[in-house]
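Observations on the model geometry
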Amino acid sequence: MKQKADWEKYVALANSLKMTEVRMISPKNIVFDIRAILKCRWGCEYSVADNLRCGARDTTYRERVEMIKRYKHILLVHSHDVRQLSAAVLKIERSAFLDGYYFAFAIRCCNLCKNCVVQKGTSCPKPEKIRPCDSSFGIDVYKTTRRLGLPCEVLQNKNDVQNRYGFVLID
Ligand code: SF4
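Notes on the structure follow. Residue positions within a chain follow its written sequence, with the count starting from 1. Confidence filtering applies because this is a predicted model: local features only for residues at pLDDT of at least 70, side-chain atom pairs given and counted only at 80 or more, and all residues used for totals across whole chains, interfaces and linings. Note that water and hydrogens are dropped before the side-chain values are worked out from all heavy atoms of the structure.

**What about the overall build of the protein chain?**
A run of H or I in DSSP counts as a helix once it spans at least four residues, and a run of E counts as a strand once it spans at least two, with each numbered from the N terminus. Regarding its fold elements, the protein chain presents five helices and four strands. Going residue by residue from the N terminus, the α and β elements of the protein chain occur as α-β-α-α-β-α-β-α-β. Against the globule reference of 16 Å for 171 residues, the protein chain gives a C-alpha radius of gyration of 15 Å, in line with a compact fold. Here the C-alpha coordinates of the protein chain stretch approximately 45 × 35 × 30 Å along the principal axes. The buried share of the protein chain, reckoned over its 171 residues, is 43%. When contacts within the protein chain are restricted to residue pairs at least 6 apart in sequence, long-range pairs at least 24 apart make up 79% of them. Note that accessible areas follow from Shrake-Rupley with a 1.4 Å probe, and for residues the cover is restricted to the protein chains shown. Only carbon and sulfur atoms are counted for the fraction: they give 53% of the accessible area of the protein chain, which is about 10,200 Å². By the counting rule applied here, Lys and Arg register as positive and Asp and Glu as negative, while His and the ends of each chain are not counted. Charge coordinates come from a single atom per side chain, which is NZ of Lys, CZ of Arg, CG of Asp or CD of Glu. The distance from the centre of the 30 positive side-chain charges to the centre of the 18 negative ones in the protein chain is 2 Å. For the radius of gyration, the atom set is restricted to C-alpha positions; the globular benchmark scales as 2.2 Å times the number of residues to the power 0.38. Burial classification: accessible surface area is computed with a 1.4 Å probe over protein chains only, and a residue below 20% of its type maximum counts as buried, one above 50% as exposed, and the rest as partly exposed. Whether two residues are in contact is decided by their heavy atoms: any pair within 4.5 Å suffices.

What follows is the structure in structure tokens.
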């Protein structure tokens, strides 16, 4: 029963951090598709150079999928604001870690800074806070979220409302 109270605590924390919605899911809810990596490596403005933000840290695709599948409980966090989302998943990860979930880990491409300097070849000011992008794990975020009844569309204009998602692997 400790777990149920903990989940409620993390949902409340996410809400206090202005997240739009939080769901408790499992790896079965996540759709993996290696094409997510294809789109990540070619076409993303950040991955034009091998950098700290986008690197796979010597892990293979198979290993990364296996890592996620080892967890039973995963928080899916929805927000309209990329920077708030990146900060929120780190805070939830920290809270879960302090509660004893020592493998707690956020997956969310890093948007902590308003202007990321990494792609310009400058050193990241907070390298310990970088977490991997869901694309590098081969997560099809569109299909994963749509199957859960959550909104995720290809944006047509810069001013369109963004639906962004982060994952916090708990235990
Ligand atoms: S912490 Fe800032 S500079 Fe470093 S990867 Fe994240 S957004 Fe870029």
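Back to the write-up after that little detour.
**Points about the pattern of salt bridges**
Salt bridge, as applied in this entry: a Lys or Arg side-chain nitrogen positioned within 4 Å of an Asp or Glu carboxyl oxygen. Within this structure, the stated rule accounts for seven salt bridges. Asp 33 is the partner of Arg 35 in a salt bridge, and the nearest nitrogen-oxygen pair spans 2.7 Å. The exposure class of Arg 35 is exposed, given its relative accessible area of 55%. What makes Asp 33 buried here is its relative accessible area of 16%.

**Topic: the packing of aromatic side chains**
Stacked, tilted and edge-to-face pairs are distinguished by plane angle, under 30 degrees for stacked and over 60 for edge-to-face with tilted covering the rest, among Phe, Tyr and Trp rings (Trp via its six-membered ring) whose centres lie within 6.5 Å. Tallied over the entire structure, the rule returns four aromatic pairs. For the ring pair Tyr 10 and Tyr 101, a centre distance of 6.5 Å and an interplane angle of 75° mean the geometry is edge-to-face. Placement of the pair is Tyr 10 in helix H1 (residues 2-16) and Tyr 101 in the loop between helix H4 (82-98) and strand E3 (105-107), with a sequence separation of 91 residues. With relative accessibility at 0%, the residue Tyr 10 sits in the buried group. The exposure class of Tyr 101 is buried, given its relative accessible area of 10%.

**Looking at the site of the ligand**
Residue proximity to a molecule or strand is established when one non-hydrogen atom of the residue lies within 4 Å of it. As a structural note, the neighbourhood of the ligand is formed by Arg 53, Cys 110, Leu 112, Cys 113, Cys 116, Val 117, Val 118, Cys 124, Pro 125 and Ile 130. For the ligand, the cavity whose grid points lie within 2 Å of the majority of its atoms is the largest cavity. In this count, Pro and Cys sit with the nonpolar residues alongside Ala, Val, Leu, Ile, Met, Phe, Trp and Tyr, while Asp, Glu, Lys and Arg are called charged and the others, Gly among them, polar. Taken together, the residues that form the shell around the ligand break down as nine nonpolar, no polar and one charged. The pocket and cavity definitions rest on a 1 Å grid over protein atoms only: a 1.4 Å probe that fits but cannot leave marks a cavity, an open set with protein on both sides within 12 Å along at least five of seven lines marks a pocket, and residues lining either have an atom within 4 Å of a point. In this scheme, a molecule is assigned to a cavity or pocket if more than half of its atoms are within 2 Å of the grid points.

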